[in-house]
Amino acid sequence: MSQKQRCLLIVEDDVGLQRQLRWSFEDYDVVMAGDRPTALALLRRHEPAVVLQDLGLPPDATGTTEGFATIAEILQDAPHTKIVVVTGNGDRDNAVKSIGCGAYDFCSKPLELEVLRLIVDRAFRVHELEAENRKLRSQSSTVLEGIIGSSEAMLDAYRLIEKVSPSSATVLLLGETGTGKEVFARAVHRLSTRRDGPFVAINCAAIPETLLEAELFGHEKGAYTGAHKQTRGKIELAVNGTLLLDEIGDMPFALQAKLLRFLEERVVERIGGRELIPVDVRIICATHQDLPALISAGRFREDLFYRVSEVTIRLPPLRERAGDIAPLARHFLEQAASRHGRAVHGFTAKALKAIEASPWRGNVRELENAVNSAVIMADGKQIDLEELRLGAAGGDILDLRQVRNDAEKRAIQRALTQAGGNLSHVAGLLGISRPTLYDLLDKHGLKKPADAD
Ligand SMILES: Nc1ncnc2c1ncn2[C@@H]1O[C@H](COP(=O)(O)OP(=O)(O)OP(=O)(O)O)[C@@H](O)[C@H]1O
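No experiment lies behind these values; they were computed from the predicted model shown. Residues take numbers from 1 onward in each chain, read along the sequence in its written order. The predicted origin of the model limits local features to residues at a pLDDT of at least 70 and limits the giving and counting of side-chain atom pairs to 80 or more, whereas totals for whole chains, interfaces and linings rest on all residues.

Draft legend 1. Region of interest: helix 2 (residues 36-46). Residue burial is a threshold on neighbouring C-beta atoms within 10 Å of the residue's own C-beta, all placed from the backbone, with 20 or more meaning buried, 12 or fewer meaning exposed, and counts in between meaning partly exposed. In this text, helices come from DSSP runs of H or I with a minimum length of four residues, and strands from runs of E with a minimum of two, each type numbered from the N-terminal end. Looking only at helix 2, the buried set comprises Arg36, Ala39 and Leu43. The arc that holds the buried residues of helix 2, viewed along the axis, is 60°, so those residues lie on one side. Projecting away from the buried face of helix 2 at angles above 90 degrees are the exposed residues Pro37, Ala41, Arg44 and Arg45. Among the structural elements, strand 1 (7-11), strand 2 (29-33) and helix 3 (65-77) are those in contact with the buried residues of helix 2. An arc is given here, and it is the one of the directions from the helix axis to the C-beta atoms. By the convention adopted here, residues are in contact when the distance between their C-beta atoms, placed from the backbone, does not exceed 7 Å.

What follows is the structure, given as structure tokens:
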């Protein structure tokens, strides 16, 4: 963590509490303010990653107006700051309102310093991950623009595509429907030396078997009934660029042999043609299917599998990168609001909670569609739970055990993301012991973080 990232601004007017907090966070670089003007001056000078702020500040020390005004000004000046709000005893309404205003988390008085410590540590970790994500994006200029996600899984995927893109290796993108395989395929193209060439995509599942060969390899005039003129196939159209073979698992078995030949010899022969045309094309394949299972079932050629999977990138389903759900939802909200010219600025706390808890079986695409329609339907400035129609979008699951199981797994994944892999913190966040956490990680087949403390 850099020096700037270790800075914690505490905004608290009670001198006794100031002393206690300074002592509790002595391993951070603490700067202390007792009111809004001082807080803003220190914010500009030190650019703290995290602000721990009391809601009752002078001149309204018994109310909350000054506290909310401070949150608003901090976020206006430094929108990436994580604000942890300290609220009065049992004051849930103001806690929820703070989150709605953009605060990161809250803690109620009387302060349990251990809990507060966990929340603040986690805020620093999230801030650090987001900063790393922003850095990766700016390094790759506009290439990763529009790709949202700072979960470990996404950062791994960014690192991998940055490494493989400049080579000409064939990339296999695996992931459920809507996880962003095409988005990543385009990013690989933009990061490669072929970026000025064409990016061509073909969905092998969407084209009837009889037409797929001609679509891919092209045909000569008169090659078959209806072939009125010579037509180049998608492979030729992608020359000097990149060809995405989407849903490669659905490619007809007979055609797989021809594709393999092309991959080995890098020449195409149009249907009805006699000429072998050399082509320079980078191939990316994508599928939601389990290719080894298709191989066992005799539906996919093993030799083709090895040929297309020189580098494999797995995009995890959205339910396994819970920390990405809220940023994605906000991103789609901003996009949809500007596209439809609607003054919708955010989600109510209830709506956001439901979004994070939803299973999103259609992954990012389903989330995008749900937010898009909610923006159109929204009556107020914030999207409320009813406008999201999550039941309809997510498909109700009535099997209680599955619901519990899914919720348990999602909570653990969220805690893993938030605690940055520190297992003591993960256990603390979940309110369980470390041995129980180990059992649960095994039960759900979750990887233990490499940097386990
Ligand atoms: N990380 C992301 N950030 C922003 N938008 C994303 C991200 N991932 C996916 N999307 C959006 O979600 C939608 C689905 O993505 P995409 O088409 O790439 O998924 P896919 O895995 O190729 O789906 P399918 O298997 O159904 O073809 C697109 O509108 C895409 O822009």
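Draft legend 2. Representation of the sheet that holds strand 13 (residues 282-287) in the model. Strand order in this open sheet of five strands is 7-10-13-6-14, and the pairing throughout is parallel. Edge positions in the sheet fall to strand 7 (199-203) and strand 14 (311-314), since each has one partner strand and no second. The sheet shows a mean angle of 20° between the axes of neighbouring strands, direction not considered. When DSSP finds two or more bridges between a pair of strands, those strands are recorded as paired. Where strand 7 and strand 10 (residues 242-246) come together, five bridges link them in parallel fashion. Among the inter-strand pairings, phenylalanine 199 is bridged to a residue of strand 10, identified as threonine 242. Where helices are involved, their axes are fitted lines through C-alpha atoms of the stretch in contact, as for all axes, and angles between N-to-C directions lie from 0 to 180°.

Draft legend 3. Structural detail: unusual backbone geometry. Between proline 58 and the following residue, proline 59, the backbone shows a cis peptide bond with an omega angle of 10°. Following the sequence through the fold, proline 59 ends up in the loop between strand 3 (50-54) and helix 3. In this structure, glutamate 47 is a non-glycine residue whose phi angle is positive, near 45°. What makes glutamate 47 partly exposed here is the crowd of 15 C-beta atoms within 10 Å. If you check the backbone angles, tryptophan 360 has positive phi at about 45° while not being a glycine. Topologically, tryptophan 360 is positioned in the loop between helix 14 (349-357) and helix 15 (363-377). Since 25 C-beta atoms lie within 10 Å of it, tryptophan 360 is described here as buried.

Draft legend 4. Seen up close, the environment of leucine 294. The residue leucine 294 is located in helix 11 (residues 291-296) in this model. Separated by 44 residues in the primary sequence, leucine 294 and aspartate 250 place their C-alpha atoms 9.7 Å from one another. In contact with leucine 294, other than residues within four places in its own chain, are Gly249, Gln289, Arg299 and Phe300.

Draft legend 5. Just the pairing of strand 3, in detail. The element strand 3 is largely enclosed, with a buried count of five among its five residues. Going residue by residue along strand 3, you find Val50, Leu52 and Asp54 tucked away on one face and Val51 and Gln53 tucked away on the opposite face as well. Pairing of strand 1 with strand 3, which is carried by four bridges, proceeds in the parallel orientation. Bridge assignment links leucine 8 to a residue of strand 3, and that residue is valine 50. Inspection of the sheet shows strand 3 paired to strand 4 (residues 82-87) by five bridges, in the parallel sense. Counted as the bridge partner of glutamine 53 is valine 85 from strand 4. Consider the strands pointing away from the viewer: the crossover is right-handed when the path from the first strand over the helix to the second runs clockwise. In this fold, the crossover linking strand 3 to strand 4 by way of helix 3 has right-handed handedness.

Draft legend 6. The site of the ligand, seen in detail. We count a residue as near a molecule or strand when its backbone-placed C-beta atom lies within 6 Å of that partner. In the vicinity of the ligand there are 18 residues, among which Thr177, Gly180, Lys181, Glu182 and Val364 approach most closely. At the level of elements, helix 7 (181-191) and helix 15 are the ones that each hand at least two residues to the shell around the ligand. When grouped by side-chain class, the residues that make up the shell around the ligand number five nonpolar, eight polar and five charged. There are two domains that each give the shell around the ligand at least three residues, and those are domain 2 (152-314) and domain 3 (318-394). We call Asp, Glu, Lys and Arg charged. Ala, Val, Leu, Ile, Met, Phe, Trp, Tyr, Cys and Pro are nonpolar, and the rest, Gly among them, are polar. A domain assignment, automatic or from a database, supplies the domain bounds used here.

Draft legend 7. The nonpolar core, seen in detail. Here, a nonpolar core denotes buried Ala, Val, Leu, Ile, Met, Phe, Trp, Tyr and Cys residues that are linked to one another through C-beta atoms within 7 Å. One finds Leu173 and Leu367 to be the most contacted residues of the largest nonpolar core, which totals 66 residues. Built from parts of two domains, this core gets at least three residues from each of domain 2 (152-314) and domain 3 (318-394). With near-sequence residues (within four places) excluded, leucine 173 lies in contact with Lys181, Phe184, Ala185, Ile284, Ala286, Ile313 and Leu315. With 29 residues, the next largest nonpolar core counts Val11, Leu52, Ala103 and Ala123 among its residues.

Draft legend 8. Focus on the packing of helix 6 (residues 152-164) against helix 7. With their axes 9 Å apart at the nearest point, helix 6 and helix 7 run at an angle of 40° to one another. One finds that helix 6 runs oblique with respect to helix 7. Handedness of the crossing formed by helix 6 with helix 7: right-handed. In contact with Ala157, Ile161 and Glu162 of helix 6, helix 7 contributes Phe184, Ala187, Val188 and Leu191. Of the residues in the contact of helix 6 with helix 7, the class split is six nonpolar, no polar and one charged. Here is the rule for angles: anything less than 35 degrees is roughly parallel, anything more than 145 is roughly antiparallel, 65 through 115 is roughly perpendicular, and the remaining ranges are oblique. Less than a right angle of anticlockwise turn of the near helix away from the far helix marks a crossing as left-handed, whereas a clockwise turn marks it as right-handed.

Draft legend 9. Looking closely at the sheet that holds strand 2. The five strands lie next to each other as 2-1-3-4-5, forming an open sheet whose pairing is parallel. If you trace the sheet from one side to the other, it starts and ends with strand 2 and strand 5 (105-108), each paired once. With direction set aside, neighbouring strand axes in the sheet form an average angle of 20°. Bridge analysis of strand 4 against strand 5 gives four bridges, and the strand direction is parallel. Considered in strand 5, the bridge of threonine 87 is made with serine 108.

From the geometry alone we can't say anything about function, so treat these as descriptive.
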